[in-house]
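# Observations on chain architecture
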Amino acid sequence: MGTLNFLTGNQGKIAEAENLLGPLNWQIKSFEIEGGVPEIIEPQSDNLTTVALAKIAQGVELLASQNRLNESLLVEDSGLFIDALPNFPGVYSSDVLKSIGCEGILRLLDDERTAYFLTVAALWTGEAVEVFVGRCDGQIAREIKGQGGFGYDPIFIPDEIDNNRTFAEMTKMEKSTISHRGRALRALFDFLDENGA
Ligand code: ITT
């Protein structure tokens, strides 16, 4: 079994990575220093890849400071992109969720409700940085539905699953099968597998 350090302050991301990669023999470990997740500064940028690369650069510096550069490290940046609200919340998804929440997003929308989630995952392999991207298309629901998941899950209905269910109404496994994060992490797993990690 391999071990993948995951640097994130979001427990929902850790739970999904464990659910997906655990059965594939990868143990996900929250990257912590002295018992806490280190603070990472996200740059002002309208591009998730720029943010993910800035996060991994800081993560690699932290690994180096711990004499652990030979270990792997994963970071990722995700965002919800709503067609009717260009670039919003997008890279600002985290701040927007904290300020206006899912209810606030619903108030901003009319009939045009198409949207997508994007994840850019950046992996330090112990030698180099690799980037993996995943996208999931869907619609913003008309009301908040479901208790599962995290973040915007109660208002996002992916196109690929019937019954108009939101991510928050699905099991982790159902969500991972089609989600932005599931796709990015499966590409990452294929890379590790092909490279004999
Ligand atoms: P990090 O420490 O990994 O940066 P974060 O929560 O700040 O954690 P992001 O900036 O990548 O993560 O996420 C932006 C926002 O989008 C954040 O509020 C998340 O809760 C939300 N989000 C990310 N992935 C999501 C998903 O799969 N479903 C619903 N909301 C999601």
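The structure reproduced in this document is the subject of the present report. (Residues numbered from 1 in each chain as written. Predicted model: local features only at pLDDT ≥ 70, side-chain atom pairs only at ≥ 80, totals over all residues. Heavy atoms only, no water.)

### Let's talk about the packing of helix H1 (residues 11–21) against helix H6 (residues 180–194)
The geometry of H1 relative to H6 is characterised by a closest axis approach of 10 Å and an angle of 50° between their N-to-C directions. It follows from the interaxial angle that H1 and H6 lie oblique. Read as a crossing pair, H1 and H6 show a hand that is right-handed. Two secondary-structure elements touch here, H1 through Lys13, Glu16, Ala17, Leu20 and Leu21 and H6 through Arg181, Gly182, Leu185, Arg186 and Phe189. Within the contact of H1 with H6, the residues separate by chemical class into five nonpolar, one polar and four charged. (Axes fitted to C-alpha atoms, helices over the stretch in contact; angles between N-to-C directions. Helix = DSSP H or I, 4+ residues; strand = E, 2+ residues; numbered from the N terminus. Parallel < 35°, antiparallel > 145°, perpendicular 65-115°, else oblique. Left-handed = near helix turned anticlockwise from the far one by under 90°. Contact = heavy atoms within 4.5 Å. Nonpolar A, V, L, I, M, F, W, Y, C, P; charged D, E, K, R; others polar.)

### Some remarks on unusual backbone geometry
Residue Pro89 is bonded to the preceding Phe88 through a cis peptide linkage, with omega at -5°. For Pro89, the location among the structural elements is in strand E4 (residues 89–90). Even without glycine at this site, Glu34 takes up a positive phi of about 50°. By the element assignment, Glu34 lies in the loop between strand E2 (26–30) and helix H2 (48–65). Residue class for Glu34 comes out exposed when judged on its relative accessible area of 82%. Residues other than glycine seldom take positive phi values, yet Asn87 does so here, at roughly 60°. Along the chain, Asn87 falls in the loop between strand E3 (73–82) and E4. A residue is classified by how much of its surface remains accessible, and Asn87, at 55% relative accessible area, is exposed. (Buried < 20%, exposed > 50% of the residue type's maximum accessible area, 1.4 Å probe, protein only.)

### Describing the nonpolar core
Residues Leu80, Ile82, Ile105, Ile140, Tyr152 and Phe156 are the most contacted members of the largest nonpolar core, which totals 19 residues. Elements supplying a minimum of two residues to this core: E3, helix H4 (101–108), strand E5 (114–124) and strand E6 (129–140). Residue contributions to this core peak at three residues, all from H4. Residues within four places of Ile140 in sequence aside, it is in contact with Leu80, Ile82, Ile105, Leu106, Leu109, Arg113, Ala115, Ile155 and Phe156. Of all hydrophobic cores here, the second largest spans 18 residues; its members include Leu21, Leu188, Phe189 and Leu192. (Core = buried A, V, L, I, M, F, W, Y, C linked by side-chain atoms within 4.5 Å.)

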